[in-house]
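Here is how the chains run, residue by residue.
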Amino acid sequence: MTGERRARDPYLNHWADHAADKTLRAHPDVKRIVVAAGITPSGVVHIGNFREVITVDLVARALRARGVEVRFIYSWDDFDVFRKVPKDAPQQEMLQGELGKSIADVPDPWGTHESYAAHNIARFEESIAPLGIEPEFIRQHRMYRAGKYAAGIRSALQNAAVIRDLLNAAREATGARTRIADDWLPLAGFCTRCGKDDLSFDYDGEWTVQVHCNGCGHDEAVDFENGSDLKLPWRVDWPMRWGYEKVCFEPGGKDHSSAGGSYDTAKGIVRDIYGWVAPEYVGYDFVSAKGQGGKLSSSKGGVVDVTTCLEVYEPEVLRWLFAGYRPNTEFAISFDLDVIKLYEDYDRTVRLAHEAEDGGKKDKKRQTARRTLELASVPERTIEPGSTPPTLIAFRHLSTVLQTFDGDIAATGDYFVATGELPEADRARFEQRARCVWNWVEQYAPEDFRYRIRTEPVTRDIPEDQREPLRRLVEILRADANPTETDLGGKMSEMSKSGVDMKAFFPVVYDLLLGRDRGPKMSTLLAIMTPAKALPLLEPSLG
RNA sequence: GGGCUCGUAGCUCAGCUGGCAGAGCAGCUGACUUUUAAUCAGCGGGUCGUAGGUUCGAACCCUACCGGGCUCACCA
């Protein structure tokens, strides 16, 4: 397993493929490539954190596409200190008293999980399951308490001076004013009596640390060989874990990516103390949210999480979004009208990806579309050029029809099957999209976009010149209990040609049916409603 | 102040290790169709932030500058 494990395929040309190639070049002899993600569950794990996970997942897929065995680990940094009480959490007073403890030891204020950290972790792990992301989850607090990192801690303590010099060198290089003190130890942790993190240490050179709690005054000799509440500070913890897990690839937020930043110093520490090299790295930019109005700020503390995104985006569309942007591009997840455009872009990409290649210029675009879509696919699959794409009902069209059926997804599906627009085989996918469309219509769509068919008829005083057209429309509907959209389109056309001013007439009809003066294409609306439902709304006004 | 990163069409972004600037949307024109406009055909649109350099050849590599973002904690 050395050198090129597989001839470079020009089609494997996505940024995740490049990252995979780079990783393989850096580790030509490794049998099983370890890729890692790591996040602190110190608050709601949001869509920005998700970028870390999806980035690793995409690179993992790219590595597997090269025939490499991959281990995808996800480290939850839940031995982190609880520093800030989230504003939207219940039991503010209780939480206030827990500040300084490990988030794995702070009670869950929502009362549904074993700890504050566990609550945030569970929510996120559940949310990414539909996306086909299945890492091996690792809980830091368990690893530390089980003594897994004991040797790593001892190495750090015994080499405290080396680490201090490395960190100080970085500070010097970046012009920082302060320096680390000579008696500093690369150690942190929690008091076994009060649980808080304000500690002083004295190291014996082997496995025992004298711990003094500056908070409650507790003194204790802690033997960390078989696990304890001691841990390494972040800048040392990260490289220690690289060495422990033999991590070959791990991305980082742009906040880690600068000189003197944690990746930079970790690089030196892992090399000098832990005998491993820093993983290949991709820096990713932030993800923001756009167009959710006031909806979010109250319920989610201003943070968009994966669950919220999946209410509007199909799993594969969400993956496709993240796969499409280069990691270092900042972008916003949209909940406004952009959603329609994004679905349209996605649908077009699907069609393009399935087209057969013809040797022309467009092949490159077909390949890009195909590769991006493969990486986005849930479940993972490859796409054959020239194969039949799945049938996808356009978002906009679906929103219209779905509203006509008042959100009844099964009935809407039946309708599309009946019209021939939807093969029965693609029904599951259709229902997934329909749920997203309906959520969007209900929660985010502008008023202009929304309508509902009247449940109770109203009787209007119809203007003289509109009575005859209305009578004709009613006759048309009475004549055929199940007209198709095309049938009705033809009738509308006839009415128009016979001199009816449809521009003036339609608002009258829309008002009777929907309570507004505009609406979906009339023939579509009436065909879907069926005369049985439309007539009772129209007839009373005939007088 | 040091560093990283971005700057490409009106907008959002591609552009693989240097080889004729490119997609979608928006815009405009035409066709068809009577309603939140769909679909089809076509068109226009860029000094690739600025100025130098390397090269047969630069959006891409190097230098400087301008502008935006980020970063440089006994925090993860």
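Below, the discussion takes up the overall build of chain A. Broken down by element type, chain A carries 22 helices and 13 strands. Against the globule reference of 24 Å for 543 residues, chain A gives a C-alpha radius of gyration of 30 Å, more extended than a compact globule. When its C-alpha atoms are laid out on the principal axes, chain A stretches across 100 × 65 × 40 Å. Each of the 543 residues in chain A was classed as buried or not, and the buried ones make up 51%. Sequence separation of 24 or more characterises 70% of the internal contacts of chain A that already satisfy a separation of 6 or more. Surface exposure of chain A reaches about 24600 Å², of which carbon and sulfur atoms provide 48%.

Glancing now at the domain arrangement of chain A. Domain boundaries in chain A define domain 1 (3–284), domain 2 (395–449) and domain 3 (464–542). Relative to domain 3, the C-alpha centre of domain 1 lies at a distance of 65 Å.

Turning our attention to a negative patch on the surface. A cluster of acidic residues, Asp202, Asp204, Asp223 and Glu225, forms a negative patch at the surface. Tracing the backbone through its elements, the reader meets Glu225 in the loop between β7 (219–223) and β8 (230–231). Exposure remark for Glu225: the relative accessible area of 35% places this residue in the partly exposed category.

Whether parallel or antiparallel, the strands of a sheet pair through hydrogen bonds between backbone atoms. Taken together, the four strands give an open sheet; going across it, the order is β3-β2-β1-β9, and neighbouring strands pair in parallel fashion. Across the chains shown, the open sheet's two edge strands, defined by having one partner strand only, are β3 (136–139) and β9 (247–249). Going from strand to strand, the sheet's axes swing by 45° on average, the running direction of each strand aside. Bridge analysis of strand β2 (residues 69–76) against β3 gives four bridges, and the strand direction is parallel. When the sheet's bridge partners are listed, Trp76 is paired in β3 with Arg139. Those strands touched by helix α2 (residues 47–65) are β1 (32–39), β2 and β9, and its axis lies near 170° from that of β1.

The next subject is the protein's contact with RNA strand B. Close to RNA strand B lie 48 residues; Thr40, Arg83, Arg171, Asp448 and Ser496 are nearest. A share of 66% is what sugar and phosphate atoms reach among the atoms of RNA strand B within 4 Å of the protein. At 2.7 Å, a backbone N or O of Met502 approaches a base oxygen of RNA strand B. Ranked by the residues each element gives to the surface near RNA strand B, the list is headed by helix α20 (residues 502–514), at five residues. A breakdown of the residues in the surface near RNA strand B according to their chemical character gives 16 nonpolar, 12 polar and 20 charged.

Running from N to C, α2 and helix α12 (residues 315–324) cross one another at 80°; their axes reach a closest spacing of 10 Å. By the angle between their directions, the pair α2 and α12 is classed as roughly perpendicular. Packed against α2, whose contacting residues are Ile47, Phe50, Arg51, Ile54, Asp57, Leu58 and Arg61, the element α12 presents Leu318, Arg319, Phe322 and Ala323 at the interface.

The next subject is the pairing of β7. Where strand β6 (residues 208–213) lies against β7, five bridges are found, and the strand directions are antiparallel. Paired with Thr208 across the two strands is Asp223, which belongs to β7.

On to the sheet that holds β7, then. Ordered in space as β5-β6-β7, the three strands form an open sheet in which the pairing is antiparallel. In this open sheet, the two edge strands, each paired with only one partner strand, are β5 (199–203) and β7. Strand-to-strand twist in this sheet, taken as the mean axis angle between neighbours without regard to direction, amounts to 25°.

What follows covers the packing of α20 against helix α21 (residues 522–529). At their nearest, the axes of α20 and α21 sit 12 Å apart, and the two run at 30° to each other. Crossing hand, α20 versus α21: left-handed. Taken together, the residues of α21 that come into contact with α20 (itself represented by Phe506, Val509, Tyr510, Leu513 and Leu514) are Met522, Leu525, Leu526 and Met529.

Conventions adopted
Residue indices begin from 1 for each chain and proceed along its sequence in written order. Here the convention is simple: chains get letters from A, ligands get numbers from 1, in the order in which they are written. Whole-chain, interface and lining totals are the exception, using all residues; otherwise, since this is a predicted model, local features are given only for residues with pLDDT of at least 70 and side-chain atom pairs are given and counted only at 80 or more. To obtain the side-chain values, all non-hydrogen atoms of the structure were included, while hydrogens and water were left out. For helices the rule is a DSSP run of H or I covering at least 4 residues; for strands it is a run of E covering at least 2, with both sets numbered from the N terminus onward. Note on method: radius of gyration uses C-alpha positions; expected globular size equals 2.2 Å times residues raised to 0.38. A simple rule labels every residue: compare its accessible area, found with a 1.4 Å probe on the protein chains alone, to the largest value its type can have, and call it buried under 20%, exposed over 50%, or partly exposed in between. We call two residues contacting when some pair of their heavy atoms lies within 4.5 Å. Surface accessibility in these figures is a Shrake-Rupley result with a 1.4 Å probe; residues are shielded only by whichever protein chains are displayed. Marked domain ranges trace back to an automatic or database domain assignment. Any residue with relative accessible area above 30% and no salt bridge may belong to a patch, with like charges joined within 9 Å and the nonpolar Val, Leu, Ile, Met, Phe, Trp and Tyr side chains within 5 Å. Here a salt bridge means any side-chain nitrogen of Lys or Arg lying within 4 Å of a carboxyl oxygen belonging to Asp or Glu. Neither His nor the chain ends contribute to the count of charged residues, in which Lys and Arg are positive and Asp and Glu negative. The atom standing in for a charge is NZ when the residue is Lys, CZ when it is Arg, CG when it is Asp and CD when it is Glu. DSSP calls a pair of strands paired once it identifies at least 2 bridges connecting them. To get an axis, a line is fitted to the C-alpha atoms, and for a helix only the part in contact is used. The angle between two axes follows their N-to-C directions and goes from 0 to 180 degrees. Nearness is judged by heavy atoms alone; a residue qualifies as near a molecule or strand once a single heavy atom is within 4 Å of it. Side-chain atoms alone can form a polar contact between residues adjacent in sequence; in general such a contact is a pair of N or O atoms within 3.5 Å, and within protein one must be able to donate a hydrogen while the other accepts it. Side-chain classes follow a simple rule in which Ala, Val, Leu, Ile, Met, Phe, Trp, Tyr, Cys and Pro form the nonpolar group, Asp, Glu, Lys and Arg form the charged group, and the remainder, Gly included, forms the polar group. Note on angle classes: values under 35 degrees are labelled roughly parallel, values over 145 roughly antiparallel, values of 65 to 115 roughly perpendicular, and the remainder oblique. The crossing is said to be left-handed when, going from far helix to near helix, the turn is anticlockwise and less than a right angle, and right-handed when the turn is clockwise.

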